[in-house]
Amino acid sequence: MTGQEAFEQAMGLLGYANGNGLRNDNALLQRALPILNAVYGDLYYVSEKKKPYKPIVSIAEEVPLPERVTNDCFVYGVAMWLAQSENDGDNQQLFASIYNQKRAGASHWGRRIDIFEGGCL
């Protein structure tokens, strides 16, 4: 998923759109990259990447997180930060709650191991 796709999905979740699609708001677009990197950085460390963190440099860039993380968690974090940047307290609370629940689950993705040598008992 690219940063642009995540941004557009978050804008849609928040209802920040006009009749022709997304709201044309240069101030929001200027905040998009820092918001994307804030959420990406948070989820990067939760997903235990081995390589050093490097922020994305463009919203057109692919966000280098596992697909499950971007689809299930990342967009809600972006929505949370967008709402906060707009002083939209109700949406910020809602998406913070959703993001934090999904983020807590993200720390367990990919960590399951088979503790029994032969599989199931």
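Peer 1: Would you explain the overall build of the protein in this entry?
Peer 2: Regarding its fold elements, the protein presents four helices and two strands. Counting from the amino terminus, helix and strand elements in the protein follow one another as α-β-β-α-α-α. Out of the 121 residues belonging to the protein, those deemed buried represent 36%. Considering only contacts in the protein between residues 6 or more positions apart, those separated by 24 or more positions represent 62%. Element-wise, carbon and sulfur atoms account for 51% of the exposed surface of the protein, whose accessible area totals about 7500 Å².

Peer 1: So what exactly am I meant to see when it comes to the environment of S47 here?
Peer 2: Summarising the element assignment, S47 is placed in the loop between α2 (26–46) and α3 (67–85). Classification of S47 as partly exposed rests on a relative accessible area of 24%. Between the alpha carbons of S47 and A106 there is a distance of 6.8 Å; along the sequence they are 59 residues apart.

Peer 1: Can you walk me through the side chain of T2 in this structure?
Peer 2: Take T2: it is sitting in the segment before α1 (3–14). Beyond its immediate sequence surroundings of up to four residues, T2 is in contact with I59, A60, E61, E62 and V63.

Peer 1: Can you help me understand the nonpolar core in this one?
Peer 2: Ranked by size, the top nonpolar core spans 31 residues in total, and within it L43, F74, V78 and L82 carry the most contacts. Sorting the residues of this core by element identifies α1, α2, α3 and α4 (89–106) as the ones contributing at least two each. With nine residues, the single largest contributor to this core is α3. Beyond its immediate stretch of four places on either side in the chain, F74 contacts A6, L36, V39, Y40, L43, V63, L65 and V69.

Peer 1: Would you mind showing me how to read the pattern of salt bridges here?
Peer 2: Note on pairing: side chains with opposite charge can pair once their charged atoms come close. Applying the stated rule across the entire model yields three salt bridges. A salt bridge links R103 to D42, with the shortest nitrogen-to-oxygen separation between them at 2.7 Å. Here R103 is found in helix α4, whereas its partner D42 is found in helix α2, with 61 residues between them in sequence. With its nearest N and O atoms 2.9 Å apart, the salt bridge here joins D72 to K102. On the criterion of sequence distance, the pair formed by D72 in helix α3 and K102 in helix α4 is long-range, its members being 30 residues apart. Of the residues examined, D72 reaches a relative accessible area of 25% and is grouped as partly exposed. Accessibility expressed as a relative area gives 24% for K102, which makes it partly exposed.

Peer 1: Even after reading the chapter, I still don't get the side chain of N91, so can you show me in this structure?
Peer 2: The residue N91 is located in helix α4 in this model. Looking at N91, its side chain comes within polar contact range of the side chain of D88, at 2.8 Å. Once residues within four sequence positions are removed from consideration, N91 is found in contact with L14, Y16 and A83.

What counts, and at which threshold
Residues numbered from 1 in each chain as written. Predicted model: local features only at pLDDT ≥ 70, side-chain atom pairs only at ≥ 80, totals over all residues. Heavy atoms only, no water. Helix = DSSP H or I, 4+ residues; strand = E, 2+ residues; numbered from the N terminus. Buried < 20%, exposed > 50% of the residue type's maximum accessible area, 1.4 Å probe, protein only. Contact = heavy atoms within 4.5 Å. Areas by Shrake-Rupley, 256 points an atom, 1.4 Å probe, with all protein chains shown as cover. Core = buried A, V, L, I, M, F, W, Y, C linked by side-chain atoms within 4.5 Å. Salt bridge = Lys/Arg side-chain N within 4 Å of Asp/Glu carboxyl O. Polar contact = N/O pair within 3.5 Å; in protein donor to acceptor, adjacent residues only side chain to side chain.

So yeah, pure geometry; function would need other evidence.
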